[in-house]
Amino acid sequence: MKSLILPKYVIVSALLAMTAAVLGLWLLQVIFSYLGELENLSDTYTLMDALRFILYRSPDFLVQFIPTGVLLGAVVGLGLLANNSELVIMRAAGISMYRIIGWVMLPAFIFVLLALVVNQFVLPITNQQAAAIKNDAIYSKIISINGYWSVVNEGNRQDVVYISYADSEGKLGEVKRYQLDDGNLVGALRANEGIYQQNSSAKDQADGVATRYVWQLSGVDEVAINNNRVEKTHADTQTLTLPIAPTDVHLLTKEPEDLSLSDLYAHRQLMKYQGTRSVRHELAFWQKLFSPFAVLSLVLVASSFVFGSLRSQGLGLRIVLALLTGLLFSYLTDLAGFVALAAGLSPLLMALLPILLSAAVGVYLLNKKH
């Protein structure tokens, strides 16, 4: 039991410092973001709407600041132990530097797991709710180019379908369909929403016919153009057939940052099956997958501020350097992502690059005694 007292003491000290740092940065971001939203207030976007929007965005802010918060917390936790000469006593007792660093990394795993859970189960829901508030209150009159677009060619005719939103259960948001004949618009349709009904019959699939999926649209307004005559009709319901499953439509209508890690993997497999790719989604997948290693590499950097050549500096300077390092790591991650998108470089490589650089800098500073 006595052998566990010292590791427990270091772990608790680091955990408390990391928790305080993460919560502090998160609350500051929430407050400043809410103040920034006040500029967008209008008759349709009230104080309560802004508050709801920020509350739904707050899990995203938490995930964003976990790496910097863990870095800052590790610096503060180890720095307080160093200021009280406790680290000197541990080293004099024969405890290696890397063993102490290992103890500090254990509480960092808690925040790694927290970030993974939030990314997987919380962000896909809260980000969608936040986007819905903004779309309804501010952007309702702006044409959106996001969503799922499907183009079906049948001879000289084209059927273009746009779906603004789809969930994994098959419920659709606004649906638009444009019918073209030799490049001329001959019909258009708009529906408020749609509900998934069924896929094509087993007989059709046995005969080799591609699987078709059927939705029932509601609140349908349709325009038909024939010989320069325009006919407008309205129907309560109408069917829509697509060659893609409801779960796949859900994946294709969401932004990469709004998808969980498992959804991003499913999207990657779907793109591979269709013979295409989305670099944005691949980059988001690798960044979320490697996020635990990013946090641990920053803990290594934080330890170098205490055990390396900066060990003689004051705690205040270390805190400033920790904040600057966290910002630099965030900017480097964003820059690597932009390079991957602009230059077509490997998303896997560009997601790993900031982590490898951070770990290399941490090891270098730890071994640099002077």
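Rules behind the numbers
Every chain's residues receive numbers from 1 upward, in the order its sequence appears when written. For this predicted model, a pLDDT threshold of at least 70 governs which residues receive local features, and a threshold of 80 or more governs which side-chain atom pairs are given and counted, while totals over whole chains, interfaces and linings are taken from all residues. Hydrogens and water are ignored here; the side-chain numbers use all heavy atoms of the structure. Centres within 6.5 Å are what make two rings of Phe, Tyr or Trp a pair, Trp counting through its six-membered ring; a difference in plane orientation under 30 degrees is then read as stacked, over 60 as edge-to-face, and the rest as tilted. Only protein chains enter the accessibility calculation, which uses a 1.4 Å probe; a residue is then buried when its area is under 20% of its type maximum, exposed when over 50%, and partly exposed in between. Any two strands between which DSSP finds at least two bridges are classified as paired. Counting from the N terminus, the helices are DSSP H or I runs at least four residues long and the strands are E runs at least two residues long. Axis definition: a line fitted to C-alpha atoms, limited for helices to the stretch in contact. Angles are taken between N-to-C directions and run from 0 to 180 degrees.

### Points about the packing of aromatic side chains
For any pair of aromatic rings, geometry is given as the distance between the ring centres together with the angle between the planes.
Next, step 1: Applying the stated rule across the entire model yields 7 aromatic pairs.
Next, step 2: When the ring of F285 is compared with that of W286, the centres are 5.0 Å apart and the planes differ by 70°; the resulting orientation is edge-to-face.
Next, step 3: On the accessibility criterion, F285 (8% relative accessible area) is buried.
Next, step 4: Relative accessible area serves as the criterion here: at 15%, W286 is assigned to the buried category.
Next, step 5: Consider the rings of W286 and F290, whose centres lie 5.6 Å apart with planes at 20°: the pair is stacked. The same class applies to W286 as to F290, namely buried.
Next, step 6: Among the aromatic residues, those joined into a cluster by ring pairs are Y265, F285, W286, F290 and F293.

### Quick look at the sheet that holds strand 3 (residues 175–181)
Next, step 1: An order of 1-2-3-4-5-6 is seen for the 6 strands of this open sheet, with the pairing classed as antiparallel. Each having just a single partner strand, strand 1 (148–154) and strand 6 (229–242) make up the two edges of the open sheet. The average angle at which neighbouring strand axes cross in this sheet is 20°, direction not considered.

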